[in-house]
Amino acid sequence: MALFKRKKKEKNEKPQILEVQNIRVNQKAATSDEAILSVGGQLKAAGYIDEPYIQGMLNRDHALTTYIGNDIAIPHGEYEVKDFVKKTGLAVDIYPEGIAWGGGTVRIVIGIAATTDEHVGILQNIAEKLGDMDVVEKVVNGTPEYIHSVLAGDAA
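Right, let's walk through the structure included here. What you see is a predicted model; the values in this text were computed from it and never measured.

**As for the packing of helix 4 (residues 133–140) against helix 5 (residues 144–152)**
Where helix 4 meets helix 5, the axes come as close as 9 Å, and the angle between the chain directions of the two elements is 145°. On the side of helix 4, the interface is formed by Val 135, Lys 138 and Val 139, while helix 5 contributes Tyr 146, Ile 147 and Val 150. Split into classes, the residues belonging to the contact of helix 4 with helix 5 amount to five nonpolar, no polar and one charged.

Spelled out as structure tokens, the structure:
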């Protein structure tokens, strides 16, 4: 019989999939491909993906646009490049001047790397948080900390 019981660490904290340092504001890009390469590079630099995933992001957008309306695009890799995702994560680039993309204009680019079907929940969260154009405006003009608070669920 043990005299001292070890307390179990009860930290069931989910790992953060969006870090403030992976949110960049005041970006500029001439094309959607340039923006995808940029946000893909950010996902790679943050350790979420390996290089081939970025080509999969481009392929996915070329096959079916990742522009979802409300000035938002959500580039992510096609199924064939899922093995190049190291861990689930997001990167956000803000383009105040906008980029022509899939028949619309995009000012918020959210790069997604997901190891499983987590991208479905991530997409639902993005749709809920950025469904209101007033919130989109605040995000486009916000600081990385503010953008993080909106996407992480603390602010609106």
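**Regarding the sheet that holds strand 3 (residues 72–73)**
Overall, mixed pairing links the five strands, which are arranged 1-4-5-3-2 in an open sheet. Every interior strand has two partners, whereas the edge strands, strand 1 (23–24) and strand 2 (67–69), have only one. Along the sheet, helix 4 makes contact with strand 3, strand 4 (89–101) and strand 5 (104–113), crossing strand 5 at roughly 75°.

**With respect to the pattern of salt bridges**
Per the stated rule, a full pass over the model turns up six salt bridges. Glu 97 is the partner of Lys 28 in a salt bridge, and the nearest nitrogen-oxygen pair spans 2.7 Å. Taken together, the residues Lys 28 in the loop between strand 1 and helix 1 (32–45) and Glu 97 in strand 4 connect sequence positions 69 residues apart. Across the pair, Glu 97 and Lys 28 agree in class, each one exposed. Among the salt bridges present, the one from Lys 86 reaches Asp 50, with a minimum N-O distance of 3.4 Å. You can see Lys 86 sitting in the loop between strand 3 and strand 4 and its partner Asp 50 sitting in the loop between helix 1 and helix 2 (52–63), a full 36 residues away along the chain. Residue classification places Asp 50 among the partly exposed residues on the basis of a relative accessible area of 29%. It is possible to trace a salt-bridge network through shared partners that takes in Asp 71, Arg 107 and Glu 137.

Basis of the calculations
- Residues numbered from 1 in each chain as written.
- Predicted model: local features only at pLDDT ≥ 70, side-chain atom pairs only at ≥ 80, totals over all residues.
- Heavy atoms only, no water.
- Axes fitted to C-alpha atoms, helices over the stretch in contact; angles between N-to-C directions.
- Helix = DSSP H or I, 4+ residues; strand = E, 2+ residues; numbered from the N terminus.
- Contact = heavy atoms within 4.5 Å.
- Nonpolar A, V, L, I, M, F, W, Y, C, P; charged D, E, K, R; others polar.
- Pairing = 2+ DSSP bridges.
- Salt bridge = Lys/Arg side-chain N within 4 Å of Asp/Glu carboxyl O.
- Buried < 20%, exposed > 50% of the residue type's maximum accessible area, 1.4 Å probe, protein only.

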